[in-house]
Amino acid sequence: MTHNPPSKFSVVIAAAGQSTRFHDPNFKKPFAILEGKAVWLHSVDRFLKRPDVHQVIVVIPPDERDSFASKFGANVAVLGIEVVVGGTQRADSVRNGLAAVRVDCDFVAVHDAARPCLADAWIDRLFKAAVTHRCAVLAVPVASTLKKSADGMKIDSTMDRSHLWLAQTPQVFERRLLVDAFAKFGDSSFTDEAQLMEMANVSVQLVEGSPMNIKLTTNEDLALASAIIKSQLPTRFDAPLHPFADDRIWR
């Protein structure tokens, strides 16, 4: 009896956005400090320890090339990740990252650097669904009441939320399908890679994620992300604690 070899994943971390609503004079949001390290490193860390991930690519803004090398060059070298310069639009940045994906990788996962609160269980479910269905994205059902307003001041109507989902990242696609979709429709207007697949008439599987998989938008979101990350840390109670122990090694 023969068994198929395990699938290989390449991960493209999109960190080339302009962060126009983040309002931090010192950092764009992927490079802001969260729980002692840059936001983008939190996103990268969740993938580096996975045996099914064979490549991690970080896409950075063109104007951050020198600054990124100065601040994070050591991290890049130690972690063994690849850095690619992005473009003016998200599609350009993902396309540049996709061009660096190794041909021996079966699937490409695209993840927003500004979503630093990933949990391993969500990635497990997503990757498994991608292998089965060829394309899969994390998403959560819309829980709030949706109002439509043409002028942004008064309510015109209430929308039916029963079939609506909020798309998240990672979004995972069979590499060849994503390459072909970019070749055919990459110059079109789309807000995420799942929409690009819709244009290519390729079915995308929904995988329920979590409301805790937040995307940082404003500087205030850092406090919420910090609380989520702390809540995800495992707690060890069998450590030989003493007054001088550094209990961080048990977390």
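Criteria and thresholds
- Counting from 1, residues in each chain are numbered in the order their sequence is written.
- In keeping with the model being predicted, local features are shown solely for residues with a pLDDT of at least 70 and side-chain atom pairs are shown and tallied solely at 80 or more, while totals for entire chains, interfaces and linings include all residues.
- For the side-chain quantities, the full set of heavy atoms in the structure was used; hydrogens and water were omitted.
- Numbering of helices and strands runs from the N terminus, with a helix taken as a DSSP run of H or I at least four residues long and a strand as a DSSP run of E at least two residues long.
- Between two residues, a contact is recorded if the distance between any of their heavy atoms is within 4.5 Å.
- For the area figures, the Shrake-Rupley method with a 1.4 Å probe applies, and any residue is considered shielded solely by the protein chains shown.
- Buried means the residue's accessible area, taken with a 1.4 Å probe over protein chains only, is under 20% of the maximum for its type, while exposed means over 50%, and partly exposed covers the values in between.
- Each Phe, Tyr or Trp ring, with Trp reduced to its six-membered ring, pairs with another whose centre is within 6.5 Å; inter-plane angles below 30 degrees give stacked pairs, above 60 give edge-to-face pairs, and intermediate values give tilted ones.
- Two strands are counted as paired when DSSP detects at least two bridges linking them.
- For helices, the axis comes from a line fit to the C-alpha atoms of the stretch in contact; other axes are also lines fit to C-alpha atoms, and the angle between any two N-to-C directions lies between 0 and 180 degrees.

A.B. asks: Hey, could you run me through the overall build of the chain in this one?
C.D. replies: Helix and strand counts for the chain stand at seven helices and eleven strands. For the chain, the proportion of contacts with a sequence separation of at least 24, taken over those separated by at least 6, is 71%. Of the roughly 14000 Å² of accessible surface on the chain, a fraction of 54% belongs to carbon and sulfur atoms.

A.B. asks: What am I meant to see in unusual backbone geometry here?
C.D. replies: Excluding glycine, a negative phi dihedral is what most residues carry, and trans is how most peptide bonds are arranged. With an omega of 10 degrees, the peptide bond between T169 and P170 qualifies as cis. Positive phi outside glycine occurs at E35, with the angle close to 50 degrees. Its location among the elements puts E35 in the loop between β2 (33-34) and β3 (37-38). With a relative accessible area of 39%, E35 lands in the partly exposed category.

A.B. asks: When you look at the packing of aromatic side chains in this model, what are you seeing that I'm missing?
C.D. replies: Describing an aromatic ring pair means giving the distance of the ring centres and the angle of the ring planes. With the rule as written, the count across this model stands at nine aromatic pairs. Between the aromatic rings of F31 and F68, the centroid separation amounts to 5.8 Å while the plane-to-plane angle is 65 degrees, which identifies the pairing as edge-to-face. Of the two residues, F31 sits in the loop between β1 (9-14) and β2 while F68 sits in helix α2 (residues 65-79), which places them 37 residues apart along the sequence. Both residues of the pair, F31 and F68, belong to the buried class. For the pair F182 and F190, a centre-to-centre distance of 5.9 Å together with 75 degrees between the ring planes defines the contact as edge-to-face. The exposure classification of F182 matches that of F190, with both residues buried. Clustering of aromatic rings is evident, with ring pairs tying together F9, F47, F107 and F127.

A.B. asks: I'm lost on the sheet that holds strand β5 (residues 82-85) in this one. Help?
C.D. replies: Paired through backbone hydrogen bonds, the strands of a sheet run either parallel or antiparallel to each other. Read from one edge of the open sheet, seven strands run β5-β4-β1-β6-β10-β7-β11, paired in mixed fashion. One side of each edge strand has no neighbouring strand; the edge strands of this open sheet are β5 and β11 (205-208). Within the sheet, the average angular offset between the axes of one strand and its neighbour, ignoring direction, is 30 degrees. Where strand β6 (residues 107-112) and strand β10 (residues 165-174) come together, four bridges link them in antiparallel fashion. Each residue of the ladder has a partner; that of V108, found in β10, is F173. Each of β1, β4 (53-60), β6, β7 (135-141), β10 and β11 is contacted by helix α4 (residues 120-133), which is oriented at about 135 degrees to β7, the strand it contacts most.

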